[in-house]
Every structure is written in structure tokens, then in C-alpha cells.
Amino acid sequence: MKDNIVLRWTLSAVLILVIVIGSYSVYAKYAEPSTSEHAGHDGEQKTTDSSDTKDNEKHDDGHGDHGEDQGDVSKNSDITPTLHFENNLIHIELKDKEGNPVEELEINHEKLMHLIIVNDDLQQYYHLHPENKGKGVFAIQHELKDGHYKAFVDIKPKDKNYVVQPLSFEAGNGDAHGGHETIKPDAAFTKTVNGHTVTMSPNIFKSNKEIVLDFDLKNVKPEAYLGALGHVVILDEGGDKYVHVHPLSETDTKFATKFDQPGIYKIWGEFKINGKVNVYPFVVEVK
């Protein structure tokens, strides 16, 4: 009798052990891959997030600002300037999209307005500062030879988007000589004006790459002019793309810029020496 009881207990124990082992095997078969898949999913997610973060960082560092600038340029300007020239009087009106006069301008390099004027062949260049007459009107007396001109109204309005665009106008009877020859790149970048020589570097220009224009004034330190040691204006050969560049610092004559497209460009460097502003023109080819 006792032997039968022991046998039954032994068989029961073996049966329970078999059930436990079988249950654990089933759990191991399905639970462990699930845990492994979950870990793998986390790993892939982290890798993906890390990659996305790096891509975003690369985008912001390499193209974010440039893309934003391009977006601003493509927008329609909130301000439309108009220019009228008669009897050597340059008259400019600034109006917003609703036709209201624009009066709130910020001072930019000591002036409310910088007016750049060039003729068709980019041989005549003027940097003027019209007087504020109020209610969005600016005016200045300045003699111009007969011919076709383009003007660039350079202002910094408060709380409004503004893109400088060329304004075409005629002085006198226009240009009696007809068309002009296209400008040609300079072979050397050294110019002498009023007895003072300036050399510009570099001598190789590539598009879509930041370039630092370095003007060597041959041991002559220019005087402060409009809040800086110099100013640089750049136009493409068609006189349509306008860039006004200021020095990188208050102590040197280096100017950082970038040419978006290959082509021929003219650069005017302005420096005040012995109380007189000298303008040094250079024609470059950007490849």
C-alpha cells in the first residue's frame, strides 16, 4: 500500500516537472524573440533618430541660412520706390503696397538712404545720399550726362520686407551713341586713383562660394567713411543684381561676399583718403 502511494507521488512529481519544462520551452520560444525584436526596434529607432538629427544639423549649418535668404529675396517687396529725374533733380518716393508713403526707416551706415546710380556700360558710378523731405519723399541735386541709367535705392525700412531692384531712367535725351560694348574682366587688380594705389585679391572667383575681397591700400589707412573703413558695391554686367557689402570688422578692409551665378561682375571699392572718397573699379569673371 505504502509502495503504491510512493509510486503515485513519484509519477505526479515527474508529470509536474515535465509540464513545467514544457511550459518554459514554449515561453522561451516565443518570449525571447519578442524581446530581441523589441531591442532591435529600439536600436533602429535610435539610429534613425541620430541620422535624422545629423542630417538636420548638416542642413542647418550648410544650407539653412542660405535657403532662408533666397526665400526672402524671392518675396515681393513691401515697398515700391519710384524715381523721377528732371533738371538735375533726383526725386524719389517710397510707397507701400496700399500706396501709403513709407516714412519709418532705420539709419544704415549713418544715412537713411544710399542711392547708387550707374550708366548702361557701368563706366559712370555715383554713390549719393538724398535728403529726407518727409512723407516718403527724398531728393537731391546731381548733374548727370545724357544717357540711360539705373538707380538702386538702398534703404532699411522698419518692420517691412524690402528688396533692392534697379530703377531705369533717362537723363537729357538719353544716349545719342547707341549701345555700348560689354565690360571685360581686368587682367590685373591694381588701380591708382588720385595718386593712391589699391590692390584687390583674390584673382580667381568661383560661384556659390564665400569670397573675402581684400583691399591692400599700400600702408595707407583709410579714414572712417559712413561708419566704416570702406564700402563695396557689386553689380553683374547687366546692372540687375545688386550687392552692397560692408567690412568684416572695424579695423580692416576685408569684405565677405558670394556670387550666386557665374558671369562678369563689376566691383567698386570706396575708401576715404586725405578727406576725399576714392572709388576703385574692378571687373572680374566668376566661373
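No experiment lies behind these values; they were computed from the predicted model shown.

About the criteria used
Residues numbered from 1 in each chain as written. Predicted model: local features only at pLDDT ≥ 70, side-chain atom pairs only at ≥ 80, totals over all residues. Heavy atoms only, no water. Pairing = 2+ DSSP bridges. Helix = DSSP H or I, 4+ residues; strand = E, 2+ residues; numbered from the N terminus. Axes fitted to C-alpha atoms, helices over the stretch in contact; angles between N-to-C directions. Salt bridge = Lys/Arg side-chain N within 4 Å of Asp/Glu carboxyl O. Buried < 20%, exposed > 50% of the residue type's maximum accessible area, 1.4 Å probe, protein only.

Trainee: Just to check I follow, could you spell out the pairing of strand E13 (residues 242–245) for this structure?
Mentor: Walk down a regular strand and you will see the side chains alternate between the two sheet faces. Relative to E13, strand E12 (residues 231–236) runs antiparallel, the two being bridged by four bridges. Paired with valine 233 across the strands is histidine 244, a residue of E13. Counted between consecutive antiparallel strands, the loop separating E12 from E13 contains five residues, among which glycine 239 sits at a positive phi close to 70°.

Trainee: Is there a simple way to explain the sheet that holds strand E1 (residues 79–86) in this structure?
Mentor: Sheet strands pair by backbone hydrogen bonding; their relative direction is either parallel or antiparallel. Taken in spatial order, the four strands make up an open sheet running E1-E2-E6-E5, and their pairing is antiparallel. Both outer strands of the open sheet, E1 and strand E5 (131–134), are each paired with one neighbouring strand and no more. The average undirected angle you get between the axes of adjacent strands in this sheet is 25°. Sheet topology note: the strand E2 (residues 89–96)/strand E6 (residues 137–141) ladder contains five bridges and is antiparallel.

Trainee: Is there a simple way to think about the pattern of salt bridges in this case?
Mentor: Side chains that differ in charge, positive against negative, can pair when their charged atoms come close. Tallied over the entire structure, the rule returns seven salt bridges. Across the pair lysine 97 and aspartate 78 runs a salt bridge whose closest N-O atoms are separated by 3.7 Å. Linking lysine 97 in the loop between E2 and strand E3 (113–119) with aspartate 78 in the loop between helix H1 (2–74) and E1, this pair joins segments that are 19 residues apart in sequence. Given the relative accessible area of 56%, lysine 97 is considered exposed. The class of aspartate 78 is partly exposed, set by a relative accessible area of 24%. Across the pair lysine 156 and glutamate 106 runs a salt bridge whose closest N-O atoms are separated by 3.8 Å. A residue pair is termed long-range when its members are at least 10 positions apart, and lysine 156 in the loop between strand E7 (147–155) and strand E8 (166–171) and glutamate 106 in the loop between E2 and E3 qualify at 50 residues. The class for lysine 156 is partly exposed, based on a relative accessible area of 41%.

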